[in-house]
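Notes for the structure review
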Amino acid sequence: MKTNVIFESERLIFRLWNEKDSLPFALMNNDDDVMAYFPYKLSKKASDAFIDRMMNVHKEQGYGLYAVELKATGDFIGFIGFAVPSFEEEFMPCIEIGWRLNKEYWHQGYATEGALACLSYGFDQCGFEEVVSFTSKINRPSIAVMKRIGLTYVIEFQHPSIEDNHELKPHVLYKLTKASWIANK
């Protein structure tokens, strides 16, 4: 097993980021479809800074947004994992589960499989008591994943980091507690 592997699911490997992720991640972050529910695309420089932050976050916190690759091919497909959002909202502080996959890997169950594996890791290994996820109200694909992995709707809120009157400002928050996770295993 590679030393940078954190955990695995049936088809996926969750690992630390490396330099080889830089180009495919930058291409993903500059894709109109992948970034449709974000206020802007990321440049190569911004994508590389994101990777650097994720590597530092993992060192500091022991968890983060993991680089994900397919077991069968070793292809980097995006990220799935945990973040601690920095904006202020009534549900803060919190641990968020999130994902961003290259569009060629959509509609194959990877987001759901990966998020379930992350939840298991988060509750069982990291000791999380609650995990949330949020997205723009119009992001039906991510909301569907949230529901499939057992998160339930909590509130709608206006994301403070997105400009007023932007179509992505209205957000929805979903959550899952460790107690609910255990009860539904």
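Structure first, text after, so check above.
Now for a quick tour of the structure.

How each quantity is defined
Residues numbered from 1 in each chain as written. Predicted model: local features only at pLDDT ≥ 70, side-chain atom pairs only at ≥ 80, totals over all residues. Heavy atoms only, no water. Patch = residues over 30% accessible without salt bridge, like charges linked within 9 Å, V, L, I, M, F, W, Y side chains within 5 Å. Areas by Shrake-Rupley, 256 points an atom, 1.4 Å probe, with all protein chains shown as cover. Salt bridge = Lys/Arg side-chain N within 4 Å of Asp/Glu carboxyl O. Helix = DSSP H or I, 4+ residues; strand = E, 2+ residues; numbered from the N terminus. Buried < 20%, exposed > 50% of the residue type's maximum accessible area, 1.4 Å probe, protein only. Axes fitted to C-alpha atoms, helices over the stretch in contact; angles between N-to-C directions. Parallel < 35°, antiparallel > 145°, perpendicular 65-115°, else oblique. Left-handed = near helix turned anticlockwise from the far one by under 90°. Contact = heavy atoms within 4.5 Å. Nonpolar A, V, L, I, M, F, W, Y, C, P; charged D, E, K, R; others polar. Pairing = 2+ DSSP bridges.

1. Considering a nonpolar patch on the surface
Together, Tyr37, Phe38 and Ile138 line one region of the surface with nonpolar side chains, adding up to about 230 Å² of accessible area. For Phe38, the location among the structural elements is in the loop between helix 1 (22–29) and helix 2 (44–61). Assessed through its relative accessible area of 32%, Phe38 is described here as partly exposed.

2. Things to note about the packing of helix 1 against helix 2
Two elements in contact, helix 1 and helix 2, have axes whose closest approach is 9 Å; the angle formed by their N-to-C orientations is 120°. On the basis of their axis angle, the class for helix 1 and helix 2 is oblique. Crossing geometry of helix 1 relative to helix 2 is assigned as right-handed. Across the interface between the two elements, Ser22, Leu23, Phe25, Ala26 and Asn29 of helix 1 pack against Lys44, Ser47, Asp48, Phe50 and Ile51 of helix 2. Considering only residue class, the contact of helix 1 with helix 2 consists of five nonpolar, three polar and two charged.

3. Points about the pairing of strand 3 (residues 65–70)
Within strand 3, six of the six residues are buried, which leaves it mostly tucked inside the rest of the structure. Burial along strand 3 is two-sided: the residues Leu65, Ala67 and Glu69 and Tyr66, Val68 and Leu70 are all buried. With four bridges joining them, strand 2 (residues 12–15) and strand 3 adopt antiparallel strand pairing. In the sheet register, Leu12 faces strand 3, and the bridge partner there is Leu70. Across five bridges, strand 3 lies against strand 4 (residues 76–83) in antiparallel orientation. Of the residues in strand 4, the one forming a bridge with Ala67 is Phe79.

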